[in-house]
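Below, each chain spelled out in residue letters.
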Amino acid sequence: MFRDASGIPVDAQTLTALDALADSMATEATGESESALPPILTYFGQFIDHDITANTDREIEGLSVISGDFEPMPRDTVEAGISNLRDGSLGLDSLYGDKPGQGPFATKLAGLMRHPTLTNKMRLGTVADSGDGRPPLPADPAADLLRLGFLLDRGEVTEAELDALNPALRANFMGENGPIRTRAILGDGRNDENLLVAQLHVAFLRLHNKLADVAGSFEDARQLTQYHYQWLVLNEYLPAICAGDVADEVLAKGAPLYSNFYDAHPSADPAQMPMPLEFSIAAFRFGHSMVRGGYDHNRFFGTAVEGTNQIAPFSTFRQLFEFTGNGRMPSPLTSDPKTSLPGNWVIEWDRMVHAETRNRSSRKIDTHLAEPLNDLLNEPAEPAMMKKLAQRNLRRAYRLNLPSAQSLADAINQTGLYRPIPILSPEQIRDGRDFMQAAGLDAATPLWFYVLREAELTGGHHLGALGSHLVANTLVGLVTRDTSSYWHATIDGNRWSPSRFQPSHPVDSLKAMLRFTGLLT
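All values derive from a computational prediction rather than experimental measurement. (Residues numbered from 1 in each chain as written. Predicted model: local features only at pLDDT ≥ 70, side-chain atom pairs only at ≥ 80, totals over all residues. Heavy atoms only, no water.)

A closer look at the packing of aromatic side chains
For any pair of aromatic rings, the description rests on two quantities: the centre-to-centre distance and the angle between the ring planes.
Thought 1: Evaluated as defined, the whole model comprises 22 aromatic pairs.
Thought 2: Their ring planes at 50° and their centres at 4.9 Å tell us that Phe-317 and Phe-321 sit as a pair that is tilted. With Phe-317 and Phe-321 both in helix H14 (residues 317–322) and 4 residues apart, the pair spans about one turn of that helix.
Thought 3: Given the relative accessible area of 6%, Phe-317 is considered buried.
Thought 4: Residue classification places Phe-321 among the buried residues on the basis of a relative accessible area of 15%.
Thought 5: Each residue in the set Phe-44, Phe-47, Phe-204, Tyr-229, Tyr-237, Phe-279, Phe-284 and Phe-286 is aromatic and connected to the rest through ring pairs, giving one cluster.
Thought 6: Over the ring of Phe-218 we find Arg-114; its NZ or CZ atom is 3.6 Å from the centre of that ring.
Thought 7: Against the face of Trp-487 rests Arg-495, its NZ or CZ located 3.7 Å from the ring centre. (Phe/Tyr/Trp six-rings, centres within 6.5 Å; stacked < 30°, edge-to-face > 60°. Helix = DSSP H or I, 4+ residues; strand = E, 2+ residues; numbered from the N terminus. Buried < 20%, exposed > 50% of the residue type's maximum accessible area, 1.4 Å probe, protein only. Lys NZ or Arg CZ within 6 Å of the ring centre and 35° of its normal.)

In structure tokens form, the structure reads like this:
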């Protein structure tokens, strides 16, 4: 976004100081850690991230390798070497999976994600009988993602087809013992790495199908699903996550900061939206600090409900990764070749939308991470830092030569587009982390850490000024500069909104969406 803004100090002390900073973040904060934000916002943020970015946070040989000693890469090299595998728009590519230019097998899977007879709808999966029953909602059995085992059983995909795939692609579907039957078939496999995101993906599939009943055609239902999603991002998510005055100002002005960035980075493909690295590599990773080590997931793995068998008082972070296609759903049901999500792991959304109690709230946005994020599941053991989220984030941003937070705030202030962003003092940044001073990181601070520290100083219930500007300008800009978005659609001469589309029961909040889709009373 500001390629001439200076980065953090480059010297022999920097990597040591970054690792020490990561270690200081890998411990739970003392005192009250609950925010006023419900857990659904943590995972809605992750859902958004998977929809608009892919590959920008992956290891690219010679460019973003972050182990050992290294110096920042030249910014020209970074810009030329990193590509976004998403088109950058809030168009739900991750839901529909039919991006142009895919290979033949991915194109086939995108077709299989659509219902074969109810052709205006998307396919869902049904849950397995866990022996304990399942939560009462949804009333129908469509509470899981479509999975590979179902398609194999129907002959819609064959093992021979999977064997014929190139090795990298085959590894997604074939394990040591044959097909990975629990593998979800969806637009972005990352949405089945964590059960809460997977269940939110189910909710959006159900939203499409409900809107198909209203709209008739598949394409009309798809457009309405996109419009509702985009509206919720700008009108529910951003006001909750960002400082209110910043969100209001960015929306009122139509995100000129992103608009200038868009104009400066024209694409040969008009559908491709440029993505600021300051957003994707740093600012939008604030959600990592909101993650809890456990949740009140449902009546089986959470607060008991009379007449049901409570298995555990809460679901652990590890379990939320295990009960996915990647985690292979380790339960007695795994021996059943038709295994899908066990019914007793279906989420009860009423526990995720109100921020009522400890395990029904997000953690505060601050400079401390939940313990499981320092030992990530499903990541390689070597290099060891790949399992340590804070170390990984800080080293990657340094390698990719991101601007320091202070230089970035100063660059935004110099545009005159918005009211000046106040800049934290070195003393405010350090707060007991005195090692930062010797390395100069308290005066030229890693952007991700600064965004978290800034939020921490506001109380941790929303982002501070710089973080709010980076997040709001990018997300609002992705909508305002997309001519196919709801921003440019009208009903009776007025900008499209859920209340204008369905005045009697608008889907104008995540709660309303869950009610509309039969997932919340």
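Additional details are given in the paragraphs that follow.
Quick word on the side chain of Arg-75
Thought 1: You can see Arg-75 is positioned in helix H3 (residues 75–81).
Thought 2: Buried and without a salt bridge, Arg-75 has Asp-4 as its closest oppositely charged side chain, separated by 5.9 Å.
Thought 3: In this structure the side chain of Arg-75 is engaged in a polar contact, spanning 2.8 Å, whose partner is the backbone oxygen of Asn-401.
Thought 4: Excluding residues within four positions of it along the chain, Arg-75 makes contact with Phe-2, Arg-3, Asp-4, Ala-5, Ser-6, Gly-7, Asn-401, Leu-402 and Pro-403. (Lys, Arg positive; Asp, Glu negative; His and termini not counted. Salt bridge = Lys/Arg side-chain N within 4 Å of Asp/Glu carboxyl O. Polar contact = N/O pair within 3.5 Å; in protein donor to acceptor, adjacent residues only side chain to side chain. Contact = heavy atoms within 4.5 Å.)

Section: the confidence of the model for the protein
Thought 1: Looking at the protein as a whole, the pLDDT averages 92, with 97% of positions reaching at least 70.
Thought 2: Across the protein, helix H22 (residues 510–516) holds the top mean pLDDT of 98, while H3 sits lowest at 89. (pLDDT = per-residue confidence, 0-100.)

Some points on empty space enclosed by the protein
Thought 1: Applying the stated criterion across every chain yields a total of 3 cavities of 30 Å³ or more.
Thought 2: Each pocket or cavity is described by its volume, and for the largest cavity that value is around 120 Å³.
Thought 3: Every residue lining the largest cavity is counted, 15 residues in all, and those nearest its centre are Ile-8, Ala-397, Tyr-398, Leu-402 and Pro-446.
Thought 4: For the lining of the largest cavity, the secondary-structure elements that each account for two or more residues are helix H15 (389–399) and helix H19 (447–458). (1 Å grid on protein atoms, 1.4 Å probe; cavity = no way out; pocket = protein on both sides within 12 Å on 5 of 7 lines; lining within 4 Å. Points joined across faces, edges and corners; volume = space filled by probe spheres on them.)

A short note on unusual backbone geometry
Thought 1: Cis geometry marks the peptide bond from Leu-137 to Pro-138; its omega dihedral reads 0°.
Thought 2: For Pro-138, the position within the fold is in the loop between helix H5 (104–112) and helix H6 (148–153).
Thought 3: The backbone phi angle of Asp-431 is positive, close to 45°, even though this residue is not glycine.
Thought 4: Secondary-structure assignment places Asp-431 in the loop between helix H17 (426–430) and helix H18 (435–439).
Thought 5: Residue class for Asp-431 comes out partly exposed when judged on its relative accessible area of 49%.
Thought 6: With a phi angle near 55°, Asp-492 is a residue other than glycine that sits in the positive phi range.

So, the layout of surface pockets
Thought 1: Taken as a whole, the second largest pocket spans an internal volume of roughly 700 Å³.
Thought 2: In this structure, the second largest pocket is lined by 30 residues; those nearest its centre are Glu-79, Phe-261, His-265, Met-275 and Leu-277.
Thought 3: When residues of the lining of the second largest pocket are traced back to their parent elements, those giving at least two are H3, helix H12 (256–264) and helix H13 (277–282).
Thought 4: The element that contributes the greatest number of residues to the lining of the second largest pocket is H12, accounting for 4 residues.
Thought 5: Of the residues in the lining of the second largest pocket, the class split is 16 nonpolar, 10 polar and 4 charged. (Nonpolar A, V, L, I, M, F, W, Y, C, P; charged D, E, K, R; others polar.)

Some points on the pattern of salt bridges
Thought 1: By the definition in use, this model includes 28 salt bridges.
Thought 2: One salt bridge connects Arg-3 with Asp-76, and the closest N-O pair in it is separated by 2.4 Å. Taken as a pair, Arg-3 in the segment before helix H1 (14–25) and Asp-76 in helix H3 lie far apart in primary sequence, 73 residues in all.
Thought 3: What makes Arg-3 partly exposed here is its relative accessible area of 35%.

A closer look at H5
Because an α-helix packs 3.6 residues into every turn, residues spaced three or four apart end up facing the same way.
Thought 1: Looking at H5, one finds that the buried residues are Phe-105, Leu-109, Ala-110 and Leu-112. Projection of H5 onto a plane perpendicular to its axis shows the buried side chains occupying an angular sector of 160°, all on one side.
Thought 2: Those residues of H5 hidden inside the fold are in contact with helix H4 (93–96), H6, helix H7 (159–163) and helix H8 (167–170). (Arc of directions from axis to C-beta.)

A few points about H12
Thought 1: Within the sequence span of H12, burial applies to Pro-256, Leu-257, Tyr-258, Ser-259, Phe-261 and Tyr-262.
Thought 2: At its buried positions, H12 is contacted by helix H11 (244–253), helix H16 (405–415) and helix H20 (465–480).

Details of the nonpolar core
Thought 1: One finds Phe-44, Ile-48, Tyr-237, Phe-286, Val-471 and Leu-475 to be the most contacted residues of the largest nonpolar core, which totals 163 residues.
Thought 2: The residues touching Leu-475, leaving out its near neighbours within four places in the chain, are Ile-48, Ile-52, Leu-90, Val-233, Leu-234, Tyr-237, Leu-238, Phe-279 and Phe-284. (Core = buried A, V, L, I, M, F, W, Y, C linked by side-chain atoms within 4.5 Å.)

Digging into the environment of Gly-88
Thought 1: Examined against the element boundaries, Gly-88 turns out to sit in the loop between H3 and H4.
Thought 2: Note: C-alpha distance between Gly-88 and Thr-53 (35 residues apart in sequence) is 6.1 Å.
Thought 3: Not counting the four nearest positions on each side in its chain, Gly-88 is found in contact with Ile-52, Gln-272, Met-273, Met-275 and Leu-478.

Section: the packing of H1 against H15
Packed helices, taken two at a time, are described by the angle between their axes plus the distance between the axes.
Thought 1: Where H1 meets H15, the closest approach of the two axes is 8 Å, and the angle between their N-to-C directions is 150°. Here H1 is positioned roughly antiparallel relative to H15, judged by the angle of their axes. For H1 against H15, the interelement crossing comes out right-handed. For the pair H1 and H15, contact is made by Thr-14, Leu-15, Leu-18, Asp-19, Leu-21, Ala-22 and Met-25 and by Ala-390, Gln-391, Leu-394, Arg-395 and Tyr-398, respectively. (Axes fitted to C-alpha atoms, helices over the stretch in contact; angles between N-to-C directions. Parallel < 35°, antiparallel > 145°, perpendicular 65-115°, else oblique. Left-handed = near helix turned anticlockwise from the far one by under 90°.)

With respect to the environment of Val-305
Thought 1: Looking at the element boundaries, Val-305 is found in the loop between strand E3 (294–295) and strand E4 (315–316).
Thought 2: Taking the C-alpha atoms as reference points, Val-305 and Pro-270, 35 residues apart in sequence, are found 52 Å from one another.
Thought 3: Leave out the neighbours within four places in its chain, and Val-305 touches Arg-299 and Arg-351.

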